[in-house]
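Fold and geometry: a report
One-letter residues, chain by chain:
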Amino acid sequence: MTSSPHLVRDVMTRIVISVTPLAEFKEIVAVMNQWRVTAVPVIEGEGASKVIGVVSEADLLPKEEFRDHDPGLIEQMQRLGDTLKAGSTLAKDLMTTPAVTVRPDTTLARAVRIMAERHIKRLLVVDPDGTLQGIVSRTDLLKVFLRPDSELADDVRREVVGRLFPLAQHRVRVDVHHGVVTLSGGILDASLIPVAARLARAVEGVVDVNCALTTSACRGLHAFDSSDGTARSGEPRGNGIPGR
């Protein structure tokens, strides 16, 4: 049985400080300072928290940047959004919209890719109706690397060794130290060594993989085929993953 990948809901912060579209500039700055956050979602709707945008430090800084600087026509055209925000005082005019959001069931890997592609530090988490459920930051996404070594070892034994080498699990050793997985021991099929390393690296929370598997210790060994009562050489062929 395979374990599920870690999802955004597993690491997100559920208590989120937000503002309304009519929140004033100074109020927004005060909220950010009080709660030590770098952005706040803008929500509206009675009895609900529908996300319509987000105000970040980057949205507020143009007011200070252009305080003693009057941009020329060309600069105004090149930075129209910033110059407009410099003269704005309400969240509805300062916010970036639409906000970049994810669902609670988004995988952590997907969330990281979205952040990298969009060059942002956080993602708002919403349900299918757009209602705010939480927020996930870069720090939140790194929490997966806090998983105990023993837990990682159990996952690797189940997801990698158990699936690739079901008839030779006793010959493969899994050690984990500070998130780094070491696979050692003898197997019969050399083609499965890089597959084992790749699958181990894909386990959530694994920092790195040292693959010390070898076939030299298994020369002359044969696996028993229970289907016809005969001995055969090598590990199970194909992709080596039962049921695939």
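A few words on the pattern of salt bridges. Once their charged atoms are close, side chains differing in charge can pair, the charge on each being opposite to the other. Scanning all chains against the criterion turns up eleven salt bridges. Salt-bridge contacts for Asp155 lead to Arg147; the nearest nitrogen and oxygen are separated by 2.8 Å. Note on Arg147: relative accessible area 11%, which makes it buried. One salt-bridge network, in which partners are shared between bridges, spans Arg147, Glu151, Asp155, Arg158, Glu159 and Arg163.

Scored by pLDDT, the protein has a mean of 85; 79% of the residues are at 70 or more. Taken as a whole, residues 221-244 scores under 50 in pLDDT and shows 41 contacts with residues more than four places along the chain or in a different chain.

Moving on, we come to the nonpolar core. Counting 25 residues, the largest nonpolar core has Val156, Leu164, Phe165, Val174, Val181, Leu183 and Leu213 as the members making the most contacts within it. Secondary structure elements with two or more residues in this core: helix H9 (149-164), strand E6 (172-177), strand E7 (180-186), helix H10 (193-201) and strand E8 (208-214). Setting aside its immediate chain neighbours within four residues, Val156 contacts Val161, Val174, Val181, Leu183, Ala200 and Val203. In terms of nonpolar packing, the next biggest core, distinct from the first, is built from 14 residues, Val100, Val102, Ala111 and Ile114 among them.

It is at 11 Å that the axes of helix H2 (residues 25-35) and helix H3 (residues 57-65) come closest, and there the two elements cross at 125°. Overall, the two elements H2 and H3 adopt an arrangement that is oblique. For the pair H2 and H3, the crossing hand works out as left-handed. Seen from H2, the contacting residues are Phe25, Ile28, Val29 and Met32; seen from H3, they are Glu57, Leu60 and Lys63. Tallied by class, the residues present in the contact of H2 with H3 amount to five nonpolar, no polar and two charged.

Here is what the cut-offs are and how they apply
Residues numbered from 1 in each chain as written. Predicted model: local features only at pLDDT ≥ 70, side-chain atom pairs only at ≥ 80, totals over all residues. Heavy atoms only, no water. Salt bridge = Lys/Arg side-chain N within 4 Å of Asp/Glu carboxyl O. Buried < 20%, exposed > 50% of the residue type's maximum accessible area, 1.4 Å probe, protein only. pLDDT = per-residue confidence, 0-100. Contact = heavy atoms within 4.5 Å. Core = buried A, V, L, I, M, F, W, Y, C linked by side-chain atoms within 4.5 Å. Helix = DSSP H or I, 4+ residues; strand = E, 2+ residues; numbered from the N terminus. Axes fitted to C-alpha atoms, helices over the stretch in contact; angles between N-to-C directions. Parallel < 35°, antiparallel > 145°, perpendicular 65-115°, else oblique. Left-handed = near helix turned anticlockwise from the far one by under 90°. Nonpolar A, V, L, I, M, F, W, Y, C, P; charged D, E, K, R; others polar.

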